[in-house]
Each structure stands twice: as C-alpha cells, then as structure tokens.
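The lines below spell out each chain.
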Amino acid sequence: GRRSSEMIGPKGPIFETAKIAGIMAAKKTSDLIPLCHPLPLDRVNIDIQLIDNRAIIECECRVTHKTGVEMEALMGASVAALTIYDMVKAVSHRVEIGSTVLVGKSGGKSDFTA
C-alpha cells in the first residue's frame, strides 16, 4: 500500500526532519565531497513516500549553472535516508538503507534518464 502520512518517532517527526536534513546536506555537498564545486542551488525538493514499509526518497535539485547538480541530489537523498535511520534506531536497528540511484538529469553537458 501507499501512504504519505508523517510518522512520529521517539525523536519527533521522522520524514519532516529527514527532508530538512536532506535539503541542508544538498546545500553543503561541496563541503563534503572533494572537487565538488559550490553551486547556488535554485531549488531543492525532497519527497518521501512510505510504500510497503519502505521509505522512498526522491531529491530534486535545480540550478542555473554550467555544471550538473546530480551530486547535490544524491547527497540530499542519502542524508535524508541516514536521518530516517537515526530517527528510528531507538525502535529498531533492523533498518536497511537500500540503493541510491540517479533517476534523471537534464541540462549541463549531458542528459540522463534511468
């Protein structure tokens, strides 16, 4: 089944906290990944859906620049996933962070669609 309602854990609202962390991480990508240039992000949007007991995280970044923002999007999704883990580990350590994949990219040197 598909549900997008917020879940509250011992540390508070899980998905809202993960979204904020992911947005912050996307903005800090160049501080964490060597040779990644700081980019003035026009938009960062994180969507988290709970589908069959799995949190599906999508992070979309937009920039008006000569380079792509796939690293920022992957960073945002990854940190959102880590934040969900941190928010639920008091309840269970049997949480698994699955694959992180680039779903699509347009503009820059090349376009990509998974």
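Our subject is the structure that appears above.
Here is a short report on the structure shown in this document. (Residues numbered from 1 in each chain as written. Predicted model: local features only at pLDDT ≥ 70, side-chain atom pairs only at ≥ 80, totals over all residues. Heavy atoms only, no water.)

Check the secondary structure of the protein and you find three helices and seven strands. Counting from the amino terminus, the protein carries its helices and strands in the arrangement β-β-β-α-α-β-β-α-β-β. Against the compact-globule benchmark of 13 Å for 114 residues, the protein has a radius of gyration of 15 Å, which places it among compact chains. Expressed as lengths along the three principal axes of its C-alpha atoms, the size of the protein is roughly 45 × 30 × 20 Å. Each of the 114 residues in the protein was classed as buried or not, and the buried ones make up 29%. In the protein, 51% of the contacts between residues at least 6 apart in sequence involve partners at least 24 apart. If you sum the accessible surface of the protein, you get close to 7,700 Å²; carbon and sulfur atoms cover 54% of it. Taking the average location of the 14 positive side-chain charges in the protein and that of its 13 negative ones, the two points are 2 Å from each other. (Helix = DSSP H or I, 4+ residues; strand = E, 2+ residues; numbered from the N terminus. Rg over C-alpha atoms; globule rule 2.2 N^0.38 Å. Buried < 20%, exposed > 50% of the residue type's maximum accessible area, 1.4 Å probe, protein only. Contact = heavy atoms within 4.5 Å. Areas by Shrake-Rupley, 256 points an atom, 1.4 Å probe, with all protein chains shown as cover. Lys, Arg positive; Asp, Glu negative; His and termini not counted. Charge placed at Lys NZ, Arg CZ, Asp CG, Glu CD.)

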